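# Summary of the model geometry
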Amino acid sequence: MAEPSFLDWPFLEPRHRTLARDLDAWCATHLRDSHDPNLDDACRKLVRELGDGGWLKNAIAGSAYGAASENIDTRALCIIRETLARHSGLADFAFAMQGLGSGAITLFGTDAQKKEYLPRVAAGHAIAAFALSEPEAGSDVAAMRCDAKLTGNSYVLNGEKTWISNGGIADFYVLFARTNEAPGSRGITAFIVDPKTPGFEIAERFKIMAPHPLARLKFTNCQIPVDHRLGEPGQGFKVAMATLDVFRTSVAAAAVGFARRALSEALGRATSRTMFGQKLADFQLTQAKLAEMATGIDAAALLTYRAAWLRDAGRRVTVEAAMAKMTATETAQRVIDAAMQMFGGQGVVTDEPVERLYREIRPLRIYEGATEVQQLIIARGIISSFQEHDRPQERTKRIESDKTATERRS
Ligand SMILES: Cc1cc2nc3c(=O)[nH]c(=O)nc-3n(C[C@H](O)[C@H](O)[C@H](O)COP(=O)(O)OP(=O)(O)OC[C@H]3O[C@@H](n4cnc5c(N)ncnc54)[C@H](O)[C@@H]3O)c2cc1C
């Protein structure tokens, strides 16, 4: 595969370019381009290999805990996810979940919590999971019902979580439950939950179109020690949203990776398939499609690396991350669909690269906030920014023009 020119963009630093090239070479020798029939084993193996390769050091932060950098390097996360996604959806998933599942510990954990979990995450010796969604609380996170009551030195956890990636194979779950300090989103607290805790049950495993471990979890009077609370009581919603602000941008990067792979497959097909006496790529209809695909990918990548760069510069990126995730996932779906079309009948054969990409991309438009949720986040962000910054100026201008009119009249 040709080296992607985005590496020359000014959002990135030399270390990111080195990371991309080294990981690309590692993927070419370490990742098999097919799905292992035993999914749990395949995931465990990938996590260990990603740990051995040193890539998971980028999923956490803090050199004292085995990380590659002191703060989360969002651009490194994006480079890694984009590269892995170009090679293997499951490898991207294994990497992403180590980051998402431990992200709240990196951002809000105590030193003791970081020491206990982060080095094992970075080495690939502990598998992480992030348990936020519930059967009645997916897009509407604040509707969660899972309940944790403080009694003595532990919280007693009751309820359910669903659609939990790595559910069934994770060594720990960062979980969010209602602790009722205040109504709605201000009454939620984050915890680190050990699946060996009595009362913790894997209630159901799901098979999905882009196979990876996914489960519904059930908790019956699970005793969670107070020192497994993550962050302050009632701050769980903030903990979850801050974690998602980082990892949403990386979902966009994975989508860009899937789309780049689809474009590469499409170019290979269009330049080699002969029909009506010429190559598929010689038709202007094909060229228009290829142009749209390439432009869409660059637009998505620009939004993705802008969000990552802004976050690494210490800025809040709720709106930028939402723009990146919405644009990259929706664009990637269109690009992959167009690539599949160019393959004709061959495109719909199970486990053909474009067929696999077609299945891999679909859940990205739903998890970590569906596209409609991203639209609301963006709209809320720009409306409140308008109300804070733009409207007062307009009001001042109006008052000044009113004053001038009054002065003219008098
Ligand atoms: C493969 C996969 C992996 C996942 N992994 C995890 C995980 O590791 N941890 C975790 O906590 N969760 C995980 N999830 C859950 C995921 O975050 C939720 O599925 C998602 O938030 C949507 O919630 P829901 O499924 O309950 O759908 P609902 O909330 O019922 O939403 C259904 C649809 O309604 C639409 N919609 C939503 N809000 C609005 C609105 N305001 N206006 C109009 N339309 C709207 C959207 O199209 C949405 O897809 C995963 C999901 C999938 C599919």
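Before reading further, recall that the structure is shown in the block above.
What counts and how
Residues numbered from 1 in each chain as written. Predicted model: local features only at pLDDT ≥ 70, side-chain atom pairs only at ≥ 80, totals over all residues. Heavy atoms only, no water. Core = buried A, V, L, I, M, F, W, Y, C linked by side-chain atoms within 4.5 Å. Buried < 20%, exposed > 50% of the residue type's maximum accessible area, 1.4 Å probe, protein only. Helix = DSSP H or I, 4+ residues; strand = E, 2+ residues; numbered from the N terminus. Contact = heavy atoms within 4.5 Å. Near = heavy atom within 4 Å. Polar contact = N/O pair within 3.5 Å; in protein donor to acceptor, adjacent residues only side chain to side chain. Areas by Shrake-Rupley, 256 points an atom, 1.4 Å probe, with all protein chains shown as cover. Nonpolar A, V, L, I, M, F, W, Y, C, P; charged D, E, K, R; others polar. Salt bridge = Lys/Arg side-chain N within 4 Å of Asp/Glu carboxyl O. Expected span 1.5 Å × (residues − 1). Disulfide = S-S within 2.5 Å. Axes fitted to C-alpha atoms, helices over the stretch in contact; angles between N-to-C directions. Parallel < 35°, antiparallel > 145°, perpendicular 65-115°, else oblique. Left-handed = near helix turned anticlockwise from the far one by under 90°.

### A few points about the nonpolar core
Among the nonpolar cores identified, the biggest contains 120 residues, and Leu84, Leu157, Phe172, Phe176, Met293 and Tyr305 are the most heavily contacted of them. At 17 residues, helix α6 (residues 236-272) tops the list of elements feeding residues into this core. Beyond its immediate chain neighbours, meaning those up to four positions away, Phe172 contacts Gly101, Ser102, Ile105, Tyr117, Val121, Ala126, Ile127, Ala128, Ala129, Ile192, Val193 and Pro195.

### A closer look at the environment of Phe206
As for its placement among the helices and strands, Phe206 is situated in the loop between β6 (200-205) and β7 (214-225). On the basis of relative accessible area, Phe206 is assigned to the buried category, the value being 18%. Separated by 23 residues in the primary sequence, Phe206 and Arg229 place their C-alpha atoms 28 Å from one another.

### Considerations on the site of the ligand
Surrounding the ligand, one finds 20 residues, the nearest of these being Phe130, Ser133, Ser139, Trp163 and Glu372. Backbone polar atom of Phe130 to a nitrogen atom of the ligand: 2.7 Å apart, as the coordinates give it. Within the side chain of Glu372, one N or O atom sits 2.8 Å away from an oxygen atom of the ligand. For the ligand, whose accessible area on its own is 970 Å², the fraction buried by protein is 66%. Among the secondary structure elements, those contributing two or more residues to the shell around the ligand are β1 (128-131), β3 (154-165) and α10 (371-409). A class-by-class count of the residues in the shell around the ligand yields 13 nonpolar, five polar and two charged.

### Topic: the pattern of salt bridges
This model, assessed by the stated rule, comprises 20 salt bridges. Residue Arg216 is joined to Glu160 by a salt bridge in which the shortest nitrogen-to-oxygen separation is 3.0 Å. One end of the pair, Arg216, is in strand β7; the other, Glu160, is in strand β3, and 56 residues separate them in sequence. Glu265 is the salt-bridge partner of Arg261, the closest N and O atoms lying 2.8 Å from each other. Taken together, the residues Arg261 and Glu265, both in helix α6 and four residues apart, mark about one turn of the helix.

### Quick word on helix α1 (residues 14-30)
Along its 17 residues, α1 runs 24 Å from first to last C-alpha, staying within 8% of the 24 Å computed at 1.5 Å per residue. Those residues of α1 that fall on the buried side of the exposure criterion are His16, Arg17, Leu19, Ala20, Leu23, Trp26 and Cys27.

### Observations regarding the state of the cysteines
Taken as a whole, this structure holds zero disulfides when the rule is applied. There is no disulfide at Cys78, and the cysteine sulfur nearest it, in Cys27, is 16 Å away. Of the residues examined, Cys78 reaches a relative accessible area of 0% and is grouped as buried. Unpaired in this structure, Cys222 has its nearest cysteine sulfur neighbour in Cys146, at a distance of 8.9 Å. Residue classification places Cys222 among the buried positions, given a relative accessible area of 0%.

### As for the packing of α1 against helix α3 (residues 74-87)
Each pair of packed helices can be described by the angle between their axes along with the distance between the axes. Put simply, α1 and α3 touch, their axes get as near as 10 Å, and they point 25° apart. Looking at the two axes, α1 sits roughly parallel to α3. α1 and α3 meet at a crossing whose hand is right-handed. Touching Arg15, His16, Leu19, Ala20, Leu23, Asp24, Cys27 and Ala28 of α1 are Arg75, Ala76, Ile79, Ile80, Thr83, Leu84, Arg86 and His87, all from α3. Of the residues that constitute the contact of α1 with α3, the class distribution is nine nonpolar, three polar and four charged.

Nothing here speaks to function; it is geometry throughout.
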